[in-house]
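Geometric and topological summary
Next come the chains, spelled out residue by residue.
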Amino acid sequence: MNYDSPYLHPDKEALSREELEALQLQRLQKTVKHCMNSPFYKKRFEEMGLKPEDIKTLDDVRKLPFTTKQDLRDTYPFGIASVPLSECVRLHSSSGTTGNPTVILHTQKDLDEWANAVARCLWMVGLRPDDVFQNSSGYGMFTGGLGFQYGAERLGMLTVPAAAGNTLRQIKFITDFGTTALHAVPSYVTRLYEVMHEKGIDPRKDTKLRVLAIGAEPHSEEQRQRIEQMLGVKAYNSFGMSEMCGPGVAFECKEQNGLHFWEDYYIVEIVNPDTLEPVPDGEIGELVLTTLNREAMPLIRYRTRDLTRVLGRTCPCGRNHVRLDRMRGRSDDMIVLRGVNIFPIQIEKILMQYPELGSNYLITLTTDDDNDNMTVEVEIAEFADDYGMLQNLTKQVTRALKDEILLTPHVKLVPKGSLPVSEGKAVRVVDKRKVYQ
Ligand code: AMP
Ligand code: ZN
């Protein structure tokens, strides 16, 4: 197989572990050498007394320094680049809530590889050139827009750049153009379904939808199953991040047994976030990624802050690219309430077990009389005015949440459509706690 073929066809990714690892080492050595062109990495490597020749085995990746989001901010905008700006053709930038945004630069080859990676993911779940692919991501700086656009086009599908929002128009495109595959953030799919329902459109009968790519935000298995049942589709988890191009980093195969991370594109490590030592397979830790085929801006051992674990390195689908569990969330999203660590996804998992509840929820943290409290507001699925039933349901949900998070939240069932819906990633937590100095 020609590993460096400019277009690795998506049906040819079933390398053996040995082949994959040999390719990774070759690409890692090349990457480290190339990073000497980056003022940032050159300085870092020199400070550590590290030379590209020191990378002799794949395990030597552990000799390399970590890169953090703060490094990207500190070198804003172009300080990490390994090629001159004249060789770059695009940038994507994500705005941080504090400090500088981060910028990722791309050469034309980077964009081509990115499109190939996304095409490979979509091919893996059975999409072919006769499918019609609609993308409901925001275009522009958000990488879910252009990332899926070019990937779907690369595969040869008719691609509809519907962009985010305008749900009625979105539905019209789905029905008029015979959309068979849709990319959407999971929290938006529910909104889409509700509007279809209101307009008397049955997605199973009145649309040709059969595959959904859902991702960009954490979601539970229960949420995925809901989406599949609502729309009568298969919904595949799609993982990506701007620092690693965007979508196309990892995707579920038809087995739906974890995310295949493309190891010819990335070295995947899971480390203990405190000690930064590797954790054994199966144990949860922080995902650390090293890019293997980036020209403009290779990143070495990038600390993603996403928490997950290795599920396996083989798969009944025949692909041997490592399988990771769905993300628990980011370490920065973890709520610490009265000393207890809680991930929003734990709450979602419980809420989704009740068919009477909708999919939209909001967690608010407050300080009342010097005590920190959590309120979980969740929409009910259908209009209900049976006070006894609602009271009983509230009690049941409160108890189930307490069993999961070990604290008793204040549960409020609210009418359908009353919580805010964002066009991009959902905002699930509002923290209004007093901070004591
Ligand atoms: P951005 O760079 O703004 O696209 O955000 C990337 C982040 O979104 C990742 O680091 C994850 O925290 C989150 N993310 C993306 N895809 C998924 C997914 N499938 N499941 C859970 N979180 C995801
Ligand atoms: Zn598989």
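**Topic: the overall build of the protein**
Scanning the protein for helices and strands turns up 11 helices and 21 strands. Over its C-alpha atoms, taken along the principal directions, the protein stretches across nearly 70 × 60 × 40 Å. Of all 437 residues assigned to the protein, the portion counted as buried reaches 55%. Considering only contacts in the protein between residues 6 or more positions apart, those separated by 24 or more positions represent 66%.

**Quick word on the domain arrangement of the protein**
In terms of domain boundaries, the protein breaks down into domain 1 (1–331) and domain 2 (335–431). One C-alpha centre belongs to domain 1, the other to domain 2, and the line joining them spans 30 Å. In this complex, domain 1 contributes 21 residues to the contact, which on the side of domain 2 involves 21 residues. Summing both sides of the interface, domain 1 and domain 2 together bury roughly 1700 Å²; the carbon and sulfur share of this comes to 54%. The tally of links between domain 1 and domain 2 comes to 0 salt bridges.

**Some details on the site of ligand 1**
Of all residues adjacent to ligand 1, which total 16 residues, the nearest are N237, S238, S242, D306 and R330. Side-chain polar atom of R330 to an oxygen atom of ligand 1: 2.7 Å apart, as the coordinates give it. Coverage of ligand 1 by the protein chains reaches 89% of its 500 Å² of free accessible surface. The greatest single-element share of the shell around ligand 1, amounting to 3 residues, is contributed by strand β7 (residues 234–239). In the shell around ligand 1, the residues fall into 6 nonpolar, 5 polar and 5 charged.

**Examining the nonpolar core**
Membership of the largest hydrophobic core comes to 68 residues, with the highest contact counts inside it found for L64, L122, F251, F261 and L287. The element best represented in this core is helix α4 (residues 108–124), accounting for 9 residues. F261 has contacts with F239, V249, A250, V268, L287, L289, H321, V322, L324 and M327, leaving out every residue within four places of it along the chain. Grouped together as the second largest cluster of nonpolar side chains are 24 residues, I335, L365, V378 and L401 included.

**Considerations on the coordination of the zinc ion (ligand 2)**
Four donors placed tetrahedrally about a metal ideally form angles of 109.5 degrees, and six donors placed octahedrally ideally form angles of 90 or 180 degrees. Protein coordination of the zinc ion (ligand 2) is provided by C253 (SG), H260 (NE2), C315 (SG) and C317 (SG), with donor distances spanning 2.1 to 2.3 Å. In this structure, the zinc ion (ligand 2) is coordinated by 4 donor atoms arranged in tetrahedral fashion, with angles at the metal of 102 to 114°. Going along the chain, you hit the donors of the zinc ion (ligand 2) in the pattern C-x6-H-x54-C-x1-C. Of this pair, C253 sits in the loop between β8 (250–252) and β9 (259–261) while C315 sits in the loop between β13 (310–312) and β14 (323–324), and the two are 62 residues apart along the sequence.

**Describing a nonpolar patch on the surface**
On the surface, F78, L85, L91 and M141 cluster together into a nonpolar patch covering about 330 Å² of accessible area. Take M141: it is sitting in the loop between β3 (132–135) and α5 (143–155). Under the relative-accessibility criterion, M141 is labelled partly exposed at 44%.

**A look at the packing of helix α6 (residues 167–176) against helix α7 (residues 186–198)**
It is the contact of α6 with α7, at a shortest axis distance of 10 Å, that shows an interaxial angle of 80°. The orientation of α6 relative to α7 falls into the category roughly perpendicular. Residues T167, L168, Q170, I171 and I174 of α6 lie in contact with α7, whose contacting residues are Y188, R191, L192, V195 and M196. Class assignment of the residues belonging to the contact of α6 with α7 gives a composition of 7 nonpolar, 2 polar and 1 charged.

**Details of helix α1 (residues 17–35)**
Residues spaced three or four apart along an α-helix face the same direction, because each turn holds 3.6 residues. Here α1 spans 26 Å end to end across 19 residues, near enough to the 27 Å set by a 1.5 Å rise per residue. The inward-facing, buried residues of α1 abut α2 (39–48), β10 (266–271) and β11 (285–291).

**Digging into the environment of Q26**
By secondary structure assignment, the location of Q26 is in helix α1. Sequence separation between Q26 and L58 is 32 residues, and the spatial gap between their C-alpha atoms is 9.0 Å.

**Quick look at the side chain of R326**
Along the chain, R326 turns up in the loop between β14 and β15 (329–330). We classify R326 as buried; its relative accessible area is 16%. A distance of 2.9 Å separates the side chain of R326 from the backbone oxygen of H219, its partner in a polar contact. Setting aside anything within four residues of it in sequence, one finds R326 in contact with H219, S220, E221, R224, N237, E252, L259 and T308.

Definitions and limits used
- Residues numbered from 1 in each chain as written.
- Chains lettered and ligands numbered in written order.
- Predicted model: local features only at pLDDT ≥ 70, side-chain atom pairs only at ≥ 80, totals over all residues.
- Heavy atoms only, no water.
- Helix = DSSP H or I, 4+ residues; strand = E, 2+ residues; numbered from the N terminus.
- Buried < 20%, exposed > 50% of the residue type's maximum accessible area, 1.4 Å probe, protein only.
- Contact = heavy atoms within 4.5 Å.
- Domains from an automatic or database assignment.
- Buried area = accessible area lost by both parts, 1.4 Å probe.
- Salt bridge = Lys/Arg side-chain N within 4 Å of Asp/Glu carboxyl O.
- Near = heavy atom within 4 Å.
- Polar contact = N/O pair within 3.5 Å; in protein donor to acceptor, adjacent residues only side chain to side chain.
- Areas by Shrake-Rupley, 256 points an atom, 1.4 Å probe, with all protein chains shown as cover.
- Nonpolar A, V, L, I, M, F, W, Y, C, P; charged D, E, K, R; others polar.
- Core = buried A, V, L, I, M, F, W, Y, C linked by side-chain atoms within 4.5 Å.
- Donors = N, O, S within 2.8 Å, 3.2 Å for Na, K, Ca; no water.
- Tetrahedral: all angles 85-135°; square planar, octahedral: opposite > 155°, others 65-115°.
- Patch = residues over 30% accessible without salt bridge, like charges linked within 9 Å, V, L, I, M, F, W, Y side chains within 5 Å.
- Axes fitted to C-alpha atoms, helices over the stretch in contact; angles between N-to-C directions.
- Parallel < 35°, antiparallel > 145°, perpendicular 65-115°, else oblique.
- Expected span 1.5 Å × (residues − 1).

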